[in-house]
Amino acid sequence: MSFWDRLWSGRSAQFDFDSGSAATNAIELTKRHPTVSLSKQGAATGNLRVNLSWRMRTSDIGRPERSSVLRHPSRMFKPDVVQAHTQSMVNVDLDLGCLYELADGEKGVVQPLGGFFGDLNAPPYVKLSGDDRFGSASGETIYVNLDHRDAIKRLLLFVYIYDQTPAFDRTHAIVTLFPSNGPRIEISLDERAPQARSCAVVTLENVKGDLVVHREVKFVYGFQSELDRLYGWGLQWGRGYKSKVGDHP
C-alpha cells in the first residue's frame, strides 16, 4: 500500500493515530465534524496546550491560507507560513481567554485583561502563559492541567479583540489544541464577522468522565459579558485594562 493510500484509508477511519506524530497529524474541527473526545484518544492526562496564532489578511499579499494536512496532505512537506510580526504588517491585538466552571461550582476567567493569568497546579488548573500583542509566531498559549480533570466541569476558550484594532475579517486566526497524546486539534476562525469583537471558539466539557472538545466558533458583537450570557456563566463584568508590556508574570 502506498503512502497516500495509507493516509486516506486512515482518514476514512476518522483518525489514524499511529500514522505519525502530533507534529504532522491534525484533526480539523468543522461544522460537519465539530467534536472529538480526548479520553477516547488517551489524551485526558497531562497538560493540554492551547495556542492562538494569527496573521493579517492583506489584499497585496497572496499567501495561501493554512489548512489541515488531512485536507491537503501534500502540505505536510512544506513549512508553515511564517506569521508576520512587524509593526508595519500587524496592528491587531487578539487575546486568548478561558471561562471556567469547576466541579465544586467555582467560576471565573483566565485572560490578560485584569491580569487573571490563572494557576496550573491549583484551582482553576488553567494558566495563561503570557500576552502576545504583536502576532508573533509563538502566539498566545493557555495550559490546562488534565491531571485534575475531575475538578473541571467545563471550559470555554474564547478570543477577543482588545481595544481599537481591526475586526476578525482582517485576520487569519487559528486556535490549536495540543493534547498529551495523539494529533493536534485545529479550529480556524475563518467565518466572516466584520463587526464582531469576540468569538467563542471551543468548549471542553467533562461528560461523566469523558473529556469532550466541541467546536463553537460563535462570533458576538460585544465582549466577555456577552459570551457569558450566551453560555450561562453568570459572572459580574466590568471595564478592564491591560498592564504595561512585561508587567505580567
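Residues numbered from 1 in each chain as written. Predicted model: local features only at pLDDT ≥ 70, side-chain atom pairs only at ≥ 80, totals over all residues. Heavy atoms only, no water.

Asks: Can you help me understand the overall build of the protein chain in this one?
Replies: When helices and strands are tallied, the protein chain shows two helices and 13 strands. Sorting the 249 residues of the protein chain into buried and exposed places 49% on the buried side. Counting only contacts in the protein chain whose residues sit at least 6 apart along the sequence, the fraction spanning at least 24 positions is 70%. Within the structure as shown, the protein chain displays about 12,400 Å² of accessible surface, and the carbon and sulfur contribution to it stands at 50%. (Helix = DSSP H or I, 4+ residues; strand = E, 2+ residues; numbered from the N terminus. Buried < 20%, exposed > 50% of the residue type's maximum accessible area, 1.4 Å probe, protein only. Contact = heavy atoms within 4.5 Å. Areas by Shrake-Rupley, 256 points an atom, 1.4 Å probe, with all protein chains shown as cover.)

Asks: Mind showing me how you'd approach the sheet that holds strand S13 (residues 210-220) here?
Replies: With antiparallel pairing, the six strands of this open sheet are ordered in space as S2-S13-S12-S9-S4-S5. Whereas interior strands pair on both sides, the edge strands pair on one side only; in this sheet they are strand S2 (35-37) and strand S5 (107-110). Strand-to-strand twist in this sheet, taken as the mean axis angle between neighbours without regard to direction, amounts to 20°. Taken together, the seven bridges between strand S9 (residues 152-161) and strand S12 (residues 198-207) define a ladder with antiparallel strand orientation. Note that in S12 the partner of Val159 across the bridge is Cys199. (Pairing = 2+ DSSP bridges. Axes fitted to C-alpha atoms, helices over the stretch in contact; angles between N-to-C directions.)

Asks: What is the right way to look at unusual backbone geometry in this model?
Replies: With the exception of glycine, most residues fall at negative phi, and the peptide bonds are largely trans. Of note, the bond from Pro123 into Pro124 is cis; its omega dihedral lies within 30 degrees of zero at 15°. Assignment of secondary structure puts Pro124 in the loop between strand S6 (118-119) and strand S7 (126-128). Even without being a glycine, Tyr125 presents a positive backbone phi close to 65°. Within the secondary structure, Tyr125 is located in the loop between S6 and S7. For Lys208, which is not glycine, the phi dihedral falls at a positive 55°. You can see Lys208 is positioned in the loop between S12 and S13.

Asks: How should the nonpolar core be read in this particular structure?
Replies: Among soluble globular proteins, nonpolar side chains are generally buried collectively. Core analysis: the largest hydrophobic core is formed by 45 residues, its most contacted members being Leu38, Ile142, Val159, Phe168, Leu177 and Leu189. Not counting chain neighbours up to four residues away, the residues in contact with Ile142 comprise Leu48, Arg49, Val50, Leu96, Gly97, Cys98, Val126, Lys127, Leu128 and Leu157. Listed in part, the twelve residues of the second largest apolar core include Val109, Tyr162, Leu227 and Tyr231. (Core = buried A, V, L, I, M, F, W, Y, C linked by side-chain atoms within 4.5 Å.)

Asks: It is not clear to me how the packing of aromatic side chains should be interpreted in this structure. Could you clarify?
Replies: Each aromatic ring pair is summarised here by two numbers: the centre-to-centre distance and the angle between the ring planes. For the structure on display, the rule yields one aromatic pair. Its guanidinium or amino end placed over the ring of Phe178, Arg49 lies 4.0 Å from that ring's centre, counting from NZ or CZ. (Phe/Tyr/Trp six-rings, centres within 6.5 Å; stacked < 30°, edge-to-face > 60°. Lys NZ or Arg CZ within 6 Å of the ring centre and 35° of its normal.)

Asks: Please explain the side chain of Asn145 as it appears in this structure.
Replies: Looking at where Asn145 falls in the secondary structure, it is placed in strand S8 (residues 140-145). Look at Asn145 and you get buried, because its relative accessible area is 5%. Reaching out from Asn145, the side chain makes a polar contact with the backbone nitrogen of Asp147 at a distance of 3.0 Å. Every residue in contact with Asn145, bar those within four places of it in the chain, is listed here: Gly46, Asn47, Leu120, Asn121, Tyr125 and Ile152. (Polar contact = N/O pair within 3.5 Å; in protein donor to acceptor, adjacent residues only side chain to side chain.)

Asks: Any chance you could explain the pattern of salt bridges here in plain terms?
Replies: Enumeration according to the criterion identifies six salt bridges in this entry. For Lys31, the salt bridge goes to Glu191, with nearest N and O atoms at 3.9 Å. Of this pair, Lys31 sits in the loop between strand S1 (26-28) and S2 while Glu191 is found in the loop between strand S11 (184-189) and S12, placing the two residues 160 residues apart along the sequence. The exposure class of Lys31 is exposed, given its relative accessible area of 65%. Residues Glu216 and Lys218 are paired through a salt bridge, measuring 3.8 Å at the closest nitrogen-oxygen approach. The class of Glu216 is buried, set by a relative accessible area of 13%. Classification of Lys218 as partly exposed rests on a relative accessible area of 39%. (Salt bridge = Lys/Arg side-chain N within 4 Å of Asp/Glu carboxyl O.)

Asks: Help me understand helix H2 (residues 224-231), please; the structure alone is not making it clear to me.
Replies: Residues spaced three or four apart along an α-helix point in a common direction, a consequence of the helix completing one turn every 3.6 residues. Turning to H2, its buried residues number three or more, namely Gln224, Leu227, Asp228 and Tyr231. Angular distribution of buried residues about the axis of H2 spans 105°; they occupy a single face of the element. Buried positions along H2 lie against S9, S12 and S13. Note on H2: the residue one or two positions beyond its end, Gly232, has a positive phi of about 65°. (Arc of directions from axis to C-beta.)

Asks: In this structure, what is going on with the environment of Arg149? I would like to understand it.
Replies: Considering the arrangement of structural elements, one finds Arg149 in the loop between S8 and S9. For Arg149, a relative accessible area of 26% puts it in the partly exposed group. Setting aside residues no more than four positions away along its own chain, Arg149 makes contact with Ala44, Thr45, Asn206 and Leu211.

Geometry only, nothing functional implied.
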